[in-house]
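The lines below spell out each chain.
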Amino acid sequence: MPAQRHLHLGAFMRPVSIHTGAWRYPGAFPDANFNIAHLRRFIRKLEDGKFDAFFMADHLAVLNMPIEALKRSHTVTSFEPFTLLSALAGATERIGLVGTASTTFDAPFHIARRFASLDHISGGRAGWNIVTTSNPDAALNFGQDEQMEHAARYRRAREFYEVVTGLWDSFADDAFVRDTASGLYFDPERMHVLDHKGEHFSVRGPLNIARPVQGWPVIVQAGASDDGRQLAAETAEVVFTAVNSIEAGRAFYADVKARVEKAGRSRDHLKILPGALVVVGDSLDEAREIRARLDGLVHEASAIAALSIALGVDASGFDPDGPLPEIPPTNASKSGRERAIALAKAENLTVRQLAQRLGGYGGLSFVGTPQTIADAMEEWLVTEGSDGFNIMFPFVPEGLDAFVDKVVPELQRRGIFRRDYEGTTLREHLGLPRPPNRFFPSA
């Protein structure tokens, strides 16, 4: 018989809750997204719950929404990921630390150096969430009048990945001999000069930092477009995705795992973790009441803004009580637009209804008791809908505490989630191999 599969759990922590009404919920910390004391509390609780990783998403602009919606959003301010994760590394011992860095608006040398540093500082717990950045307002912050075309962003991302991973392999693991007797600090024969010259980048190297503890920090990707799936199959080790049903999850899982194998990789070396908002109650009715109260805190302006972002077009002029009109392709996230359109069609939603759903959180959610939530997660796991989940909490601290204190023990009781960490690095948590150095394969 095949070995029993085990869930992997990440915590989506920027914003600390994805739900627009989270900061207004009674008892929630309104400033949780930008309060280091709160964030230290959250990550320590997650580590107590044996989570694989704390995921710090990032945006390179204030979200592109009307000011009437923006002024109600708790996402308007947050810490820069590397600064925060470096601070949290010192407050924890085992939990992984995953941060977003854009391949469109940064340089490969900077990203390689920052993640290598975080990996050393944390003792091998760093993960790089590769994003291509679809927000058009981000382009304006980097001297560009408009966003780079979708396919071009992914071509750049592929080359960016090659440069960063090449820089991580600048030194063999045994390059730094530090022989005080002879005065030899490192062996030049164990250093590689990358000398990359490509379509988008010219990078000499080597990286001025030792090879990361994990060889490479774990490569994480989010997205569901065809370009995104292919990039993930070729490069990623964890995929954060957005699917709204177990059927969609199984289809995504089968497609991406098949692409992984076609790329010559082991399907076990890529973990697929859909995002899931989890609302825990002592009864099903209580959980539903919590979700309804939370959704009721979403302002109409935020709802329309969320719909506009998802579609990549201004939805404020749509007939609120009519069906969603035909939406043309844009340079915004294709997968986000397609999910919104599919949701409207599947449930025959008006523009107003769709906006209200997306304005709170319109993605996959588990609303129920610890037992019913564990039932659903176990079904996703054993039927290959996912390898686990990137958990989104409805509000903090109570929503996070409820998951760790009530759902995690139920998952452990069933034998599908760890009772303790198996190792010290994020790769060990995820069951991923340490990549060999491409320039010093025997090292």
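Located above this text is the structure these notes cover.
So, a few notes on the structure that sits alongside this text. Every value quoted in this text rests on a predicted model; they were computed, and no experiment measured them.

The rules behind the values
Residues numbered from 1 in each chain as written. Predicted model: local features only at pLDDT ≥ 70, side-chain atom pairs only at ≥ 80, totals over all residues. Heavy atoms only, no water. Salt bridge = Lys/Arg side-chain N within 4 Å of Asp/Glu carboxyl O. Helix = DSSP H or I, 4+ residues; strand = E, 2+ residues; numbered from the N terminus. Buried < 20%, exposed > 50% of the residue type's maximum accessible area, 1.4 Å probe, protein only. Expected span 1.5 Å × (residues − 1). Contact = heavy atoms within 4.5 Å. Polar contact = N/O pair within 3.5 Å; in protein donor to acceptor, adjacent residues only side chain to side chain. Phe/Tyr/Trp six-rings, centres within 6.5 Å; stacked < 30°, edge-to-face > 60°. Lys NZ or Arg CZ within 6 Å of the ring centre and 35° of its normal. Axes fitted to C-alpha atoms, helices over the stretch in contact; angles between N-to-C directions. Parallel < 35°, antiparallel > 145°, perpendicular 65-115°, else oblique. Left-handed = near helix turned anticlockwise from the far one by under 90°. Nonpolar A, V, L, I, M, F, W, Y, C, P; charged D, E, K, R; others polar. Pairing = 2+ DSSP bridges. Right-handed = clockwise from strand over helix to strand, strands pointing away.

This part covers the pattern of salt bridges. What the rule picks out here adds up to 31 salt bridges. Among the salt bridges present, the one from glutamate 237 reaches arginine 427, with a minimum N-O distance of 2.6 Å. Remark: arginine 427 occurs in helix 15 (residues 426-430) and glutamate 237 occurs in the loop between helix 7 (226-235) and strand 8 (238-241); sequence separation between them is 190 residues. The exposure class assigned to glutamate 237 is buried, which follows from its relative accessible area of 10%.

Moving on, we come to helix 1 (residues 36-48). For helix 1, which comprises 13 residues, the first-to-last C-alpha distance of 18 Å matches the rise-based estimate of 18 Å (1.5 Å per residue) to within 8%. For helix 1, every residue scored as buried is listed here: His38, Leu39, Phe42, Ile43, Leu46 and Glu47. Of the surrounding secondary structure, the elements contacted by the buried residues of helix 1 are strand 1 (8-12), strand 2 (53-56), helix 3 (81-89), strand 3 (96-102) and helix 14 (398-413). Here helix 1 starts with a cap whose side-chain oxygen sits 3.1 Å from the backbone nitrogen of alanine 37, and that cap is asparagine 35.

What follows is about the packing of aromatic side chains. All told, the structure shown has 23 aromatic pairs when counted by the stated rule. Aromatic pair tryptophan 128 and tryptophan 168: ring centres 6.1 Å apart, planes at 85 degrees, arrangement edge-to-face. Note that tryptophan 128 is positioned in strand 4 (residues 126-131) and tryptophan 168 in helix 6 (residues 150-168), a separation of 40 residues in sequence. Here the aromatic cluster, defined as three or more aromatic residues joined through ring pairs, consists of Phe82, Phe115, Trp128, Phe160, Tyr161, Trp168, Phe201 and Trp216. Looking at arginine 114, its charged tip hangs above the ring of phenylalanine 82, at a distance of 5.9 Å from the centre. Positioned above the aromatic ring of tyrosine 25, the side-chain terminus of arginine 293 is 5.6 Å from the ring centre.

Let us now look at the packing of helix 1 against helix 14. The interhelical angle for the contact between helix 1 and helix 14, taken along N-to-C directions, is 15 degrees, at an axis separation of 10 Å. By the angle class used here, helix 1 and helix 14 are roughly parallel. As for the relative orientation of helix 1 and helix 14, their crossing is left-handed in sense. The residues of helix 14 that touch helix 1, namely those facing Arg41, Phe42, Lys45 and Leu46, are Leu400, Asp401, Val404 and Asp405. When grouped by side-chain class, the residues that make up the contact of helix 1 with helix 14 number four nonpolar, no polar and four charged.

Right, let's talk about helix 8 (residues 246-262) for a bit. The end-to-end C-alpha separation of helix 8 is 24 Å, in line with the 24 Å expected for 17 residues at 1.5 Å each. Tucked inside the fold, the buried residues of helix 8 contact helix 7, strand 8, strand 9 (271-280) and helix 13 (370-382).

Moving on, we get to the side chain of arginine 125. By the secondary structure assignment, arginine 125 is in the loop between helix 4 (108-122) and strand 4. There is a polar contact of 2.8 Å between the side chain of arginine 125 and the backbone oxygen of isoleucine 95. In this structure the side chain of arginine 125 is engaged in a polar contact, spanning 2.9 Å, whose partner is the backbone oxygen of serine 122. The residues contacting arginine 125, other than those within four sequence positions of it, are Glu47, Ala89, Thr92, Glu93, Arg94, Ile95, Gly96, Leu97, Asp119, Gln214, Thr424 and Leu426.

With that out of the way, let us pick up the pairing of strand 2. Here strand 2 shows two buried faces, one formed by Ala53 and Phe55 and the other by Phe54 and Met56. Sheet topology places strand 1 next to strand 2; three bridges connect them, and they run parallel. Its bridge partner being in strand 2, phenylalanine 12 is matched across the sheet by phenylalanine 55. The parallel pair strand 1 and strand 2, bridged by helix 1, forms a crossover whose chirality is right-handed. As paired elements, strand 2 and strand 3 share four bridges and run parallel to each other. Pairing of phenylalanine 55 across the sheet is with valine 98, part of strand 3.

Burial along strand 10 (residues 365-368) is one-sided: the face carrying Phe366 and Gly368 is buried and the face carrying Ser365 and Val367 is not. As defined by bridge partners, strand 9 adjoins strand 10 across four bridges and the pair is classed as parallel. Note on strand 10: the bridge partner recorded for valine 279 is valine 367.

Once that is clear, we can look at unusual backbone geometry. Glycine 205 connects to proline 206 through a cis peptide bond whose omega is 0 degrees. With respect to the helices and strands, the residue proline 206 is situated in the loop between strand 6 (202-203) and strand 7 (218-222). For the bond running from valine 396 to proline 397, omega is 10 degrees, close enough to zero to count as cis. Within the fold, proline 397 resides in the loop between strand 11 (388-392) and helix 14. A positive phi is found at lysine 50, a non-glycine position, where the angle reads about 65 degrees. Summarising the element assignment, lysine 50 is placed in the loop between helix 1 and strand 2. By relative accessible area, which is 18% here, lysine 50 ends up buried. One non-glycine residue, asparagine 348, lies in positive phi territory at about 55 degrees. Inspection of the secondary structure assignment puts asparagine 348 in the loop between helix 11 (334-347) and helix 12 (351-360). Overall, the relative accessible area of 67% leaves asparagine 348 in the exposed class.

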